[in-house]
Amino acid sequence: MQLYPSLITDALNTVRYPGNGKTLIEAGMVEDDIRIDGDSVSFSLIFDKPTDPFIKSMKRAAETAIHTYISPDVKVTVNVVSHQPAPLKPTPVLPGVKNIIGVSSGKGGVGKSTVASNLAVALAAEGYKVGLLDADIFGPSMPKMFGIEDEQLYIHDVDGRQLIIPVERYGVKLLSIGFVVDKEKAVLWRGSMASNALKQLITDADWGELDYFVIDMPPGTSDIHLTLVQTLPITGVVVVTTPQEVALADARKGIAMFKEDKVNVPILGLVENMAYFTPAEHPDERYYIFGKEGGIRLAEKLGVRLLAQIPLVASIADCGDAGKPVALTEGITAHAFAHLAHEVIDAVAERNRELPPTQKVELKH
């Protein structure tokens, strides 16, 4: 028995595809890869989708047609290919950003924004490219802390898109809702308005290439936190607390929120702010005004890193009010923030080695 490609196509031209009533040849469903080796033949059938419900029946029908119209002794191998294009990978929101670090706290008044601003400055001082987003929509403080309250925002064209240009100060690219609202008035926005404004600062800004993108989150848990984890794949979160029991209890809730299955953002570690008071004239003395080592105990209990203990020093507030973060100065507080930056760098590196990339939260209705 001599086999020819035309014999194979003639046989396959008797098989009709139920989806459109055409024969396999008429429908162009036979790939141009017919191979004949003695009494063996192989070829491929083309389907639009790999989930086509007629795949199995068409393979059997093609094999039966060859056995019927040519010979039952022919050994038939029918392959299946799909020419459906591969799904496009979603474009990252911030393709030039390597690590996104949220700075959070369970309650207000624990110095979260102070930690976020000084962490950003300390990372920049180490030579890294750093961005800082003030996502504390209802209490933006970064413009004050960086001495740029009256700064004007500008827009430029990037590949056909009009993007906001972040303000640069102390080596940090910075955006805050405080730049676009009246600093003398309260921000009275519904949740959706605040979320949309925040998304615009993230997606419609020219952040460029960054090693670390630090986000100063609002205190507590809110719609803004949900917006952030839905918009960005956050690498990890730094949680700020004071040694007080009431602050520690709220810190636990904040950590629980990020560890929740649907959110699943890694905790990089805990920062104990206002850990102790040291008088400037007696740098070796420590007074535990708000409690002693509560952050250490909480970190041990929850199995997270204690990234740093930041002392209570008047110069922290003074520098913030003057628009120059204390991390830019000399002294024990500046050293504490430099230590925090090193610990965060190590924690991020360890997290990236041991865990897969964080995924954005997808809401299912």
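Scroll up a little and you will see the structure.
Here's what I pulled together on the structure shown here. (Residues numbered from 1 in each chain as written. Predicted model: local features only at pLDDT ≥ 70, side-chain atom pairs only at ≥ 80, totals over all residues. Heavy atoms only, no water.)

**So, the packing of aromatic side chains**
Reasoning step 1: Tallying each qualifying case throughout the model produces 5 aromatic pairs.
Reasoning step 2: Measuring from centroid to centroid gives 6.3 Å for Tyr17 and Phe47, while their planes differ by 65 degrees, and the two rings are edge-to-face. Of this pair, Tyr17 sits in the loop between helix H1 (5-12) and strand S1 (35-37) while Phe47 sits in strand S2 (residues 40-47), and the two are 30 residues apart along the sequence.
Reasoning step 3: Residue Phe47 is classed as buried on the basis of its relative accessible area of 1%.
Reasoning step 4: Taken together through their ring pairs, the aromatic side chains of Tyr17, Phe47 and Phe54 make up a single cluster. (Phe/Tyr/Trp six-rings, centres within 6.5 Å; stacked < 30°, edge-to-face > 60°. Helix = DSSP H or I, 4+ residues; strand = E, 2+ residues; numbered from the N terminus. Buried < 20%, exposed > 50% of the residue type's maximum accessible area, 1.4 Å probe, protein only.)

**A closer look at the sheet that holds S1**
Reasoning step 1: The strand order across the open sheet formed by 3 strands is S1-S2-S3, and the pairing between neighbours is mixed. On the outer flanks of this sheet lie S1 and strand S3 (75-82), each paired with one strand and no other. The sheet shows a mean angle of 20 degrees between the axes of neighbouring strands, taken without regard to direction.
Reasoning step 2: Sheet topology places S1 next to S2; 3 bridges connect them, and they run antiparallel. Of the residues in S2, the one forming a bridge with Asp37 is Ser40.
Reasoning step 3: Across the sheet, helix H2 (residues 55-69) lies against S2 and S3, angled at about 145 degrees from S2, the strand it touches most. (Pairing = 2+ DSSP bridges. Axes fitted to C-alpha atoms, helices over the stretch in contact; angles between N-to-C directions. Contact = heavy atoms within 4.5 Å.)

**Focus on unusual backbone geometry**
Reasoning step 1: In this model, Asp159 sits at a positive phi of 50 degrees, which is unusual for a non-glycine residue.
Reasoning step 2: Counting through the fold element by element, Asp159 comes out in the loop between strand S6 (154-158) and strand S7 (161-165).
Reasoning step 3: Under the relative-accessibility criterion, Asp159 is labelled exposed at 79%.
Reasoning step 4: A positive phi angle is found at Met274, which is not glycine, with a value near 55 degrees.

**A few points about helix H7 (residues 245-259)**
Reasoning step 1: With 15 residues, H7 should cover 21 Å at 1.5 Å per step; its first-to-last C-alpha distance of 21 Å lies within 8% of that length.
Reasoning step 2: Within H7 the residues assigned to the buried category are Ala247, Leu248, Asp250, Ala251, Gly254, Ile255, Met257 and Phe258.
Reasoning step 3: Where the residues of H7 are buried, they touch strand S4 (97-105), helix H6 (223-231), strand S11 (236-241), strand S12 (267-277) and helix H8 (294-302). (Expected span 1.5 Å × (residues − 1).)

**Quick notes on the pattern of salt bridges**
Side-chain pairs of opposite charge can arise where the charged atoms are in close proximity.
Reasoning step 1: Per the stated rule, a full pass over the model turns up 9 salt bridges.
Reasoning step 2: The partner of Asp211 in a salt bridge is Lys98, and the shortest N-O contact between them spans 3.2 Å. Residue Asp211 is found in strand S10 (residues 210-216), and its partner Lys98 is found in strand S4; the two are separated by 113 residues along the sequence.
Reasoning step 3: On the basis of relative accessible area, Lys98 is assigned to the exposed category, the value being 60%.
Reasoning step 4: Where Asp204 meets Arg161, a salt bridge forms, and the shortest distance between an N and an O atom there is 3.4 Å. Of this pair, Asp204 sits in the loop between helix H5 (191-203) and S10 while Arg161 sits in strand S7; the two residues are 43 residues apart in sequence, bridging distant segments of the chain.
Reasoning step 5: Among the residues examined, Arg161 registers a relative accessible area of 42% and is labelled partly exposed.
Reasoning step 6: Each of Lys112, Asp136 and Asp216 takes part in one network of salt bridges that share partners. (Salt bridge = Lys/Arg side-chain N within 4 Å of Asp/Glu carboxyl O.)

**Here's the deal with the packing of H7 against H8**
Reasoning step 1: At a closest axis distance of 10 Å, the pairing of H7 and H8 adopts a crossing angle of 30 degrees. Taken together, the axis directions place H7 and H8 in an arrangement best described as roughly parallel. For the pair H7 and H8, the sense of crossing is right-handed. Between H7 and H8, the contacting residues are Glu245, Leu248, Ala251, Arg252, Ile255 and Lys259 on the first element and Gly294, Gly295, Arg297, Leu298, Lys301 and Leu302 on the second.
Reasoning step 2: Of the residues belonging to the contact of H7 with H8, the class tally is 5 nonpolar, 2 polar and 5 charged. (Parallel < 35°, antiparallel > 145°, perpendicular 65-115°, else oblique. Left-handed = near helix turned anticlockwise from the far one by under 90°. Nonpolar A, V, L, I, M, F, W, Y, C, P; charged D, E, K, R; others polar.)

**Thoughts on the packing of H1 against H2**
Reasoning step 1: Here H1 crosses H2 at 115 degrees, and the two axes come no closer than 8 Å. Remark: the crossing between H1 and H2 carries right-handed chirality. Residue-level inspection shows Ile8, Ala11 and Leu12 of H1 in contact with H2, the latter providing Ala62, Ala65, Ile66 and Tyr69.
Reasoning step 2: Among the residues making up the contact of H1 with H2, the classes are represented as 7 nonpolar, no polar and no charged.

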